[in-house]
Amino acid sequence: MIIEFFNYALNGALLGLLYSLVAMGFVVIYRASKVFNMAVGEMLVVGAFLVWWAVQSRGMHPAVGIGVALAISVLIGLAIERLLFRRLIGESVFSMIMVTIGLLILMRGLVLLIWGPQERQFPAIIPLAPLILGDLIVPRSLAAGGIIAVVCAAGLHWFFNRSRAGLAMSAVAEDHQIALAMGISVRRSIAFAWALGGVLSVITSMVYLSGKSLTFLSSEIGFAALPVALLAGLESIGGLLLAGIIVGVVQGLTAAYIDPLIGGNAAAVVPYVFMLVVLIVRPTGMFGWKRIERV
Amino acid sequence: MDPSGIFSTSYARDSALVRTRAQWLALALFGAALLLYPWLASPRLVAVANLMLVTSIVVVGLQITTGYAGQINLGQAAFMGVGAYGASVVEVKFGLPFWVAVPVGGVLAALAGWAFGLTAARIKGFYLALTTIAAQFLFVFVVLNLPSSWLGGVNGFSLQPARLGSLVFDSDRALYHLFLFSTAVMVFGAFGILRSRHGRAFVAVRDDDVAAGMMGIDVPGTKARAFVLGAFYAGIGGALWAYQIRFVSVDQFTLFNSIWFIAMMIVGGLGSIVGALIGTVLIRIVQEGITTLGPDLIEFIPTLSSDIVFASMNVFLGLVITGFLLLEPKGLMHRWNIFKATYRLWPFPH
């Protein structure tokens, strides 16, 4: 019984870390550009299709194929900045958020036009055999995802809070106009944000989809990761790990113990309810910046 | 701006919606054309017009919440769904007539809107947009997981046609005038609300909520009212939709539909009721075009698969939203207003 409980909790926590890796796509772009990117799920699918195309369809060696996918993904990120967000510097929250939603829908349409709706077998980049630690059974891809999430979070946390370039980008996230007045290039910061988002989406897609089937609907994980980003607060990278673990454990235990009772899929919606409650109590999430507003 | 020579001599004249004789004439002709439309158009086109009327009620509601009060709402389709389900339950389970069921649907949706308006009182910007997405997910979850004898679960719900005395509204042609009347009432109501104290409070909160609070406006109350009103419109629209399709299920009210509503509002122009109507009509025309032309296109170019319709809908919607926000963020009504000012001032530049 107790072992079972720990197994559910551990798997939930690792799934939560995968969510926090996806949510890092939101936070990284937000921390460097003040744009909340709703299209994270679609970027992930595009990254996944690029890896699939290079490794499976073109038959490249995985290392080369991943390199090619990363390069194309960075180029797509830069193109998005050049075509869309360069013109939106200093625009309203509504415009920013709606442009990313437009981008989401556009990317979904383009993925359908280019690759079609068929299911594709994603290459098993991380071996499929589960890890067995005593009585606990953990899928290897989730374990690898957990480690990658912690490493990425540590690296990005250092970059945004300690390095000179990262602090300049934090200024952009606070206010475009003030950042411009301080001599920081808002354009370069946003371009960097989207390139980094492209890299993260390829990494995340390999952790998430390794050995599974890939369709355009795999982007749903972007919405599943939303509560994690909001719970942590949009500005905090380290907080994502904690928020991811909380959401993952709550979801894992709901799926194990409550879903059989009500015979429905409560696990899918519990993170949202949890997020609503937290936001009503603490509107900026657990570690978000509190902004002081003046007229 | 009024044409030269028109001066308001009383407050009533100054706040009038229709300001000149030419406008009265245009309105009368437009109204007559709308009334005669079902006898002039084919049944298919009447069905499309009904859909446009219902959608325009929903988009006018979204315009109040987002365009006027500035509260981003990505869950309008969920509120529409609450109205549709509310009206269907009242009709099917309690056997009440449609003129009770439709307002009940509206009121239920308004209650749901009130719940999310309360969060809007504390949360703003990105966070608010994302909590309204949560409304969308919660709606689907609740409908699918309640016992299927209550809301029909995955199978959805069928309705009887609406009745009024001996009149039975069982065809699109019969429903048309009912929908036209409802839309006219709702649109007129929206104009009235937005000219009132509440409408001015909405605009003040949209432009700067901190400043609005300092001027004595009850900011949380105003935000909650904006959500209640917008959701009420969505609920009425949803209830009428239920009577048109006579079948409701959750996949009619998805996040994707909410985004279509926002696109309609952006195309027309934020902060304009007429803009909401124009955007709805234009986008619906293009949607119909893609659905009708899609199959022909597949026959013409056989390499295209049948998913081309869904894919090109997505590409179109994405391009419309990003294109308008980048190139014409104030929408088509802004263009029209510039044109009107120019011809009224001609030959002077300003």
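As a convention, each chain's residues are numbered from 1 in the sequence order in which they are written. Chain labels run from A onward and ligand labels from 1 onward, assigned in the order the entries are written. Only residues with pLDDT of at least 70 are given local features in this predicted model, and only at 80 or more are side-chain atom pairs given and counted; all residues enter the totals for whole chains, interfaces and linings.

A.B. asks: Just give me the short version of the overall build of chain A, but keep the residues and values in it.
C.D. replies: Counting its secondary structure elements, chain A contains twelve helices and four strands. To get the radius of gyration, use the C-alpha atoms; to get the globule rule, take the number of residues to the power 0.38 and multiply by 2.2 Å. By the compact-globule yardstick of 19 Å for 295 residues, chain A fits well, its C-alpha radius of gyration being 19 Å. Burial is judged by counting the other C-beta atoms within 10 Å of a residue's own C-beta: 20 or more makes it buried, 12 or fewer makes it exposed, and any count in between marks it as partly exposed, with every C-beta position built from the backbone. Taking all 295 residues of chain A together, 51% fall into the buried category. Note that contacts rest on C-beta atoms placed from the backbone: two residues are in contact if these are within 7 Å. For chain A, contacts bridging at least 24 residues in sequence account for 76% of all contacts bridging at least 6. Each helix corresponds to a stretch of at least 4 residues labelled H or I by DSSP, and each strand to a stretch of at least 2 residues labelled E; elements are numbered beginning at the N terminus.

A.B. asks: Could you give me a rundown of helix H2 (residues 40-57) of chain A, with the residues and numbers involved?
C.D. replies: Residues and elements named next belong to chain A. Multiplying 1.5 Å by the helix residue count minus one yields the expected span of that helix. With 18 residues, H2 extends 24 Å from end C-alpha to end C-alpha; this agrees with the ideal 26 Å at 1.5 Å per step. When you tally the buried positions in H2, you get 15 out of 18 residues, the bulk of the element. Looking at the residues trailing H2, positive phi occurs at Gly-59, about 70°.

A.B. asks: Which residues make up helix H3 (residues 62-83) of chain A, and what values do they have?
C.D. replies: Because the α-helix completes a turn every 3.6 residues, residues three or four places apart line up on one side. Residues and elements named next belong to chain A. Here H3 contains 22 residues, and its C-alpha end-to-end distance of 31 Å stays within 8% of the 32 Å for a straight helix at 1.5 Å per residue. Taken residue by residue, H3 has Gly-65, Ile-66, Ala-69, Leu-70, Ser-73, Ile-76, Gly-77, Ile-80 and Glu-81 as its buried positions. Burial along H3 is one-sided: seen end-on, the buried residues are contained in an arc of 145°. Seen from the buried face of H3, the exposed residues on the opposite side, beyond 90 degrees, are Val-64, Leu-75 and Leu-83. Where the residues of H3 are buried, they touch H2, helix H4 (93-115) and helix H8 (186-209). The directions considered for the arc run from the helix axis to the C-beta atoms.

A.B. asks: Hey, could you go over the packing of helix H3 (residues 43-68) of chain B against helix H11 (residues 219-245) of chain B for me, with residue numbers and the actual values?
C.D. replies: Residues and elements named next belong to chain B. Think of each axis as a best-fit line through the C-alpha atoms, taken over the contacting stretch in the case of a helix, with angles from 0 to 180 degrees between the N-to-C directions. At a minimum axis separation of 7 Å, H3 and H11 run at an interaxial angle of 170°. It follows from the interaxial angle that H3 and H11 lie roughly antiparallel. For the contact of H3 with H11, the class distribution of residues is 16 nonpolar, seven polar and no charged. Any angle that is under 35 degrees is reported as roughly parallel, and any over 145 degrees as roughly antiparallel; angles of 65 to 115 degrees are reported as roughly perpendicular and all others as oblique. Note on residue categories: nonpolar means Ala, Val, Leu, Ile, Met, Phe, Trp, Tyr, Cys or Pro, charged means Asp, Glu, Lys or Arg, and polar means any other residue, Gly included.

A.B. asks: An account of the interface of chain B and chain A is requested, with residue identities and associated values reported.
C.D. replies: At the interface, 38 residues of chain B touch 36 residues of chain A. Only helix H5 (98-122), helix H6 (126-145), helix H10 (209-214), helix H12 (255-268) and helix H14 (308-327) of chain B provide two or more residues apiece to the side of chain B that touches chain A. Considering each element in turn, the side of chain B that touches chain A owes the most residues, twelve residues, to H14 of chain B. Of the residues contributing to the side of chain B that touches chain A, the split by class is 26 nonpolar, nine polar and three charged.

A.B. asks: Break down the nonpolar core for me, citing the residues and quoting the values.
C.D. replies: Generally speaking, a soluble globular protein has its nonpolar side chains buried in company with each other. Linking buried Ala, Val, Leu, Ile, Met, Phe, Trp, Tyr and Cys residues through C-beta atoms within 7 Å yields a set, and such a set is a nonpolar core. Counting residues in each nonpolar core, the largest one holds 206 residues, and the members touching the most others are Leu-18 and Met-24 of chain A together with Ala-263 of chain B. Tallying contributions element by element places H8 of chain A first for this core, with 16 residues. Those residues in contact with Ala-263 of chain B, other than ones at most four positions away along the chain, are Ile-283, Leu-317, Val-320 and Ile-321 of chain B.

A.B. asks: Hey, could you go over unusual backbone geometry for me, with residue numbers and the actual values?
C.D. replies: Pro-347 of chain B follows Trp-346 of chain B through a cis peptide bond whose omega is 10°. Of note, Pro-347 of chain B is situated in the segment after helix H15 (331-345). Look at Lys-34 of chain A: it is not a glycine, yet its phi comes out positive at around 65°. Note that Lys-34 of chain A resides in the loop between helix H1 (2-33) and H2. Given 25 C-beta atoms within a 10 Å radius, Lys-34 of chain A is considered buried. At Arg-246 of chain B, a position not held by glycine, the phi torsion is positive, near 60°.

A.B. asks: Account for the environment of Ile-245 of chain B, with residues named and values stated.
C.D. replies: Residues and elements named next belong to chain B. Position of Ile-245 among the secondary structure elements: in helix H11. Judged by the 17 C-beta atoms lying within 10 Å of it, Ile-245 is partly exposed. Separated by eleven residues in sequence, Ile-245 and Ala-234 have C-alpha atoms that sit 16 Å apart.

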